[in-house]
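Here is what each chain is made of, one letter per residue.
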Amino acid sequence: SDLYGPETIERSTRYYIPPNCSSVDPAQEAEIRQVEVTEEKLFEKVDKHLAKDNPHRHLLLLADSGMGKSSFVLNYYARNQRLPERKRQRLAVVPLGIPDAEAYIAKIPDQQNTVLFLDAFDEDTRAIKDHRGRLLDLMHACRHFKRVLITCRTQFFPSAIEIPRETGVARVGPRNAGEGAIY
């Protein structure tokens, strides 16, 4: 609550309607005509991702400007806090638009058991200058967290090919025969 003002939290949580999501960008009309688009409830999709015990620890939530990415983060956190303690995730939320985001990240205790939500990658001044380099810096800063979810405006990336598909952080562990390093 010290990173988001009480007015922002109130405005974001008061009349919130949980959204659906899709793995297909609706702005890519040509792709949509060729693909059957499925919708899922965003809260359930994130719940599934956080509950999985697999090496895919990072999730990138993309949406257009004003579509409720920050509201989702705040409402997911609030919903989590209302769960019985045994069902709660350890969650931390850091807006990337603040100048000292990495200092807040570094101070979060029990990182290996904490899910970190990094909000508004597109508002990070260092990401605006060099999104690839900044993402690598953030992944390094977040390497000890249980899971990491990053929100960002879809339009932030110059083209669909620029949208990160890998974290740049090597994963150590068993791999299938013929499978190279996983990032």
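Residues numbered from 1 in each chain as written. Predicted model: local features only at pLDDT ≥ 70, side-chain atom pairs only at ≥ 80, totals over all residues. Heavy atoms only, no water.

Engineer: Quick question: what am I supposed to make of unusual backbone geometry here?
Structural biologist: Trans peptide bonds make up most of the peptide bonds, and negative phi angles are found at most residues other than glycine. Non-glycine residue D110 carries a positive phi angle of around 50°. Tracing the sequence through the fold places D110 in the loop between α5 (101-107) and β5 (114-119). Residue D110 is classed as partly exposed on the basis of its relative accessible area of 32%. Even without a glycine there, the phi angle at A120 is positive, about 70°. Checked against the element boundaries, A120 lands in the loop between β5 and α6 (125-129). The buried category is assigned to A120, whose relative accessible area is 7%. (Helix = DSSP H or I, 4+ residues; strand = E, 2+ residues; numbered from the N terminus. Buried < 20%, exposed > 50% of the residue type's maximum accessible area, 1.4 Å probe, protein only.)

Engineer: What is the right way to look at the side chain of S12 in this model?
Structural biologist: Locating S12 in the fold gives a position in helix α1 (residues 6-13). One polar contact links the side chain of S12 to the main-chain carbonyl oxygen of T8, over a distance of 2.9 Å. When near neighbours in sequence (up to four residues on either side) are disregarded, S12 contacts S71, L74 and N75. (Polar contact = N/O pair within 3.5 Å; in protein donor to acceptor, adjacent residues only side chain to side chain. Contact = heavy atoms within 4.5 Å.)

Engineer: Can you walk me through the packing of helix α3 (residues 42-51) against helix α4 (residues 69-82) in this structure?
Structural biologist: Packed helix pairs are characterised by how far apart their axes lie and by the angle those axes make with each other. Running from amino to carboxyl end, α3 crosses α4 at an angle of 65°, the nearest separation of the two axes being 12 Å. It follows from the interaxial angle that α3 and α4 lie roughly perpendicular. Regarding α3 and α4, the two cross each other, and that crossing is right-handed. Residues L42, F43, V46, D47 and L50 of α3 form the contact with α4, whose participating residues are F72, N75, Y76 and R79. Considering only residue class, the contact of α3 with α4 consists of 6 nonpolar, 1 polar and 2 charged. (Axes fitted to C-alpha atoms, helices over the stretch in contact; angles between N-to-C directions. Parallel < 35°, antiparallel > 145°, perpendicular 65-115°, else oblique. Left-handed = near helix turned anticlockwise from the far one by under 90°. Nonpolar A, V, L, I, M, F, W, Y, C, P; charged D, E, K, R; others polar.)

Engineer: It is not clear to me how the sheet that holds strand β3 (residues 58-63) should be interpreted in this structure. Could you clarify?
Structural biologist: Adjacent strands of a sheet form backbone hydrogen bonds with each other and so pair up, either parallel or antiparallel. Pairing in this open sheet of 4 strands is parallel, and the strands run β3-β6-β5-β4 from one edge to the other. Edge positions in the open sheet fall to β3 and β4 (90-95), since each of these has one partner strand only. When the angles between neighbouring strand axes are averaged without regard to direction, this sheet yields 15°. Bridging between β4 and β5 involves 6 bridges; their strand directions are parallel. (Pairing = 2+ DSSP bridges.)

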